[in-house]
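The lines below spell out each chain.
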Amino acid sequence: MSGFPITYAERIRTLPPYLFAAIDELKQQAIAKGMDIINLGVGDPDLPTPSLIIDRLAQAARDPQNHQYPSYDGLLSFRTAVARWYHRRFGVEVDPATEVLTLIGSKEGIGHIPLAFVDPGDIVLVPSPGYPVYPVGASFAGGIPIPMPLLKQNGFLPDLQAIPRDVADRAKLMFLNSPNNPTAAVASKEFFHQVVEFAQAHQVIVCHDAAYSEIYYDQKQPPSFLEVPGAREVGIEFHSLSKTFNMTGWRIGFAVGRREIIAGLGKVKSNIDSGVFQAIQEAGIAALDAHEQLTEGIRHVYQERRDVLVPGLKDLGLEVNPPDAAFYVWIHVPPGYTSTSFAAHLLEQAGIVATPGNGFGEAGEGYIRMTLTTSTERLAEAVERLKRIGW
Ligand SMILES: *Cc1c(COP(=O)(O)O)cnc(C)c1O
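Residues numbered from 1 in each chain as written. Predicted model: local features only at pLDDT ≥ 70, side-chain atom pairs only at ≥ 80, totals over all residues. Heavy atoms only, no water.

Visitor: Talk me through the sheet that holds strand E9 (residues 319-320); I want residue IDs and the actual numbers.
Guide: In a beta sheet, neighbouring strands are held together by backbone hydrogen bonds and run either parallel or antiparallel to one another. Strand order in this open sheet of four strands is E9-E10-E13-E12, and the pairing throughout is antiparallel. Of all the strands in the sheet, just E9 and strand E12 (355-356) have a single pairing partner and so form its edges. For strand E10 (residues 328-332) and strand E13 (residues 367-371), the ladder comprises five bridges, and the chain directions are antiparallel. Bridge pairing in E13 links Tyr 328 to Thr 371. Each of E9, E10 and E13 touches helix H13 (residues 291-315); the most contacted strand, E10, lies at about 10° to it. (Pairing = 2+ DSSP bridges. Helix = DSSP H or I, 4+ residues; strand = E, 2+ residues; numbered from the N terminus. Contact = heavy atoms within 4.5 Å. Axes fitted to C-alpha atoms, helices over the stretch in contact; angles between N-to-C directions.)

Shown next, in the form of C-alpha cells:
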C-alpha cells in the first residue's frame, strides 16, 4: 500500500532553495576520495563546555524538583541571574519577572517571535546576508521578509535611510544582529541611536540578536542595544549561552526588553512548548555568575586563531577585515570568482571547506565565510595549503 499523496504546506514548499547543496556534494566527494578536509564551514564551537557548568548540571539533574515541567517563563532564579549579568556587563537594569524570558536557545525565540506580532502581509526587515531564521520565521507567520543589504561601504551595517518610506511604514518587525554572522561587523551605539529613531518614527519592533556579544577581541566589548536610551521602549534583545560558554548542544538562551514584547513571545511559547529543563537553567545561572572567569580564556583562544588565519589570508592578497568580534572571517572572493565557484575551488584544490556568502542572502554574493572554530594548527595548515595552490 502506497497511501495517498503527501503534499507539503505552502510555507514549506516555498522555502528558499538550499544554496549549500553544491558545496555539500563536493565535500562528500572529497571525503570519499580520502582527502583530508579542513572544515572552516561550521559555526559551532569546538571547545568543550567549562567543567564548572557541567558539574552544576550533574548536581541539579539529581534534584527531583527539576524532573517536572519547568515554568513557562523560565526559573525566576535564572531570569534574576540574567538581570544581574545585564547589569554587570552592560550597566542596564531589567526586571527579571517581566522583562526576561528563558528560551530553548535563541534560535527558538527568533523563529517564534513573528508569530506574536506579524500578520499576513506585514513586512519584516531582515539583514542580508544574515541568519536564515529571520526571513524563514517571518514567512512562517505569513509576513514578507524584506532584505536590508549589509554592504562594505556602510561598514556592513544596514542603511536605514535607504529603506523606502512605504516599506518602513508597513514594517512590523526589524531583525538586527551585532556582532554579525556572517560579516563579523559590530554596531556602534551611534548606529543603535539611529535604529531607535527609525523604530519610533515607523512604529517598528526591533529584535536585536546579540548571540556573539561575548566573543570579542582586543578588549573591544560590543554594546548591548538596550544600553541606548529609548531602546527598551522599541525592542528586545536575544542572547544565547551557546557561543558564550560553548553550550550549543544544551539549548538555552534568553530574551530581554520591553515587557509587552516579551509577553507576546511568552504567549506563543506557552502554547507550543514547555520551557527549558530546569537543571540546565541551574547550570546557566552558574555560567552567567562566573562569566568573566569563564569567557576570558575562550576569547583568548579565538583571538590566537584569528591572528593566524587573517594575516595568512592577507599575505595571499585576499581582501579581508580582521574581525573585532564573532568567530567569523568574511572574505571578498578574488576577481573572476563567484561565492560558489571560489568555495568549490578551495575545496577541490586545498580540501578547505568555506561557506559561500550567497547562502546567507543575495547581498552575500561575492564573499565566503570562514570560521575560527578549528584549532590554530589546522588554521595554519589551511594557510599553508592556500599558499601552495596560490589560488
Ligand atoms: C549561533 C547563532 C545563534 C544562537 O543560536 P542558539 O539557538 O542560541 O544556539 C543566534 N543567532 C545567530 C546569528 C547565530 O549565529
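Visitor: Summarise the site of the ligand; cite the residues concerned and give the values.
Guide: Neighbouring the ligand are 14 residues; Asp 209, Ser 240, Ser 242, Lys 243 and Arg 251 lie closest to it. At 2.7 Å from an oxygen atom of the ligand is found a side-chain nitrogen or oxygen belonging to Tyr 212. The separation between an oxygen atom of the ligand and a polar side-chain atom of Arg 251 is 2.6 Å. Protein coverage of the free-state accessible area of the ligand, which is 390 Å², stands at 94%. Taken together, the elements giving at least two residues each to the shell around the ligand come down to helix H5 (106-117) and helix H10 (241-244). Class assignment of the residues belonging to the shell around the ligand gives a composition of four nonpolar, six polar and four charged. (Near = heavy atom within 4 Å. Polar contact = N/O pair within 3.5 Å; in protein donor to acceptor, adjacent residues only side chain to side chain. Areas by Shrake-Rupley, 256 points an atom, 1.4 Å probe, with all protein chains shown as cover. Nonpolar A, V, L, I, M, F, W, Y, C, P; charged D, E, K, R; others polar.)

Visitor: With reference to specific residues and values, describe the side chain of Gln 281.
Guide: Structurally, Gln 281 is set in helix H12 (residues 278-289). Assessed through its relative accessible area of 0%, Gln 281 is described here as buried. One polar contact links the side chain of Gln 281 to the main-chain amide nitrogen of Leu 75, over a distance of 2.8 Å. Excluding its chain neighbours within four sequence positions, the residues that come into contact with Gln 281 are Pro 70, Gly 74, Leu 75, Phe 78, Thr 102, Ile 252 and Val 276. (Buried < 20%, exposed > 50% of the residue type's maximum accessible area, 1.4 Å probe, protein only.)

Visitor: Could you give an account of the pairing of strand E8 (residues 253-257), naming the residues involved and the relevant values?
Guide: Among the five residues that make up E8, five are buried, leaving the element largely enclosed by the rest of the structure. Alternating residues of E8 divide into Gly 253, Ala 255 and Gly 257 and Phe 254 and Val 256, and every residue in both groups is buried. Here strand E2 (residues 100-103) runs beside E8; their pairing, made up of four bridges, is antiparallel. Across the sheet, the residue bridging to Thr 102 is Phe 254, located in E8. Bridging between strand E7 (residues 235-240) and E8 involves five bridges; their strand directions are antiparallel. Residue pairing in the sheet places His 239 in a bridge with Phe 254 of E8.

Visitor: Could you give an account of H12, naming the residues involved and the relevant values?
Guide: Over its 12 residues, H12 runs 17 Å from end to end, which matches the ideal 16 Å to within 8%, given 1.5 Å per residue. Residues of H12 that are buried include every one of Gln 278, Ala 279, Ile 280, Gln 281, Glu 282, Ala 283, Gly 284, Ile 285, Ala 286, Ala 287 and Leu 288, and no others. Those residues of H12 hidden inside the fold are in contact with helix H3 (51-61), helix H4 (76-90), E2, H10, E8 and H13. (Expected span 1.5 Å × (residues − 1).)

Visitor: Any details on the packing of H5 against helix H11 (residues 259-272)? Residues and values, ideally.
Guide: Two quantities define a packed helix pair, namely the angle between the axes and the distance from one axis to the other. Running from amino to carboxyl end, H5 crosses H11 at an angle of 100°, the nearest separation of the two axes being 9 Å. As judged from the angle between their axes, H5 and H11 are roughly perpendicular. Between H5 and H11, the residues in contact are Glu 108, Gly 109, His 112, Ile 113, Leu 115, Ala 116 and Phe 117 and Glu 260, Ile 261, Gly 264, Leu 265, Val 268, Lys 269 and Ile 272, respectively. Here the contact of H5 with H11 is built from residues that sort into eight nonpolar, three polar and three charged. (Parallel < 35°, antiparallel > 145°, perpendicular 65-115°, else oblique.)

Visitor: Tell me what's going on with the pairing of E13, and back it up with residues and numbers.
Guide: By the criterion of burial, E13 is predominantly enclosed, with five of the five residues buried. Of the two faces of E13, the one carrying Tyr 367, Arg 369 and Thr 371 and the one carrying Ile 368 and Met 370 are both buried. Relative to E13, E12 runs antiparallel, the two being bridged by two bridges. Counterpart to Pro 356 in the pairing with E13 is Ile 368.

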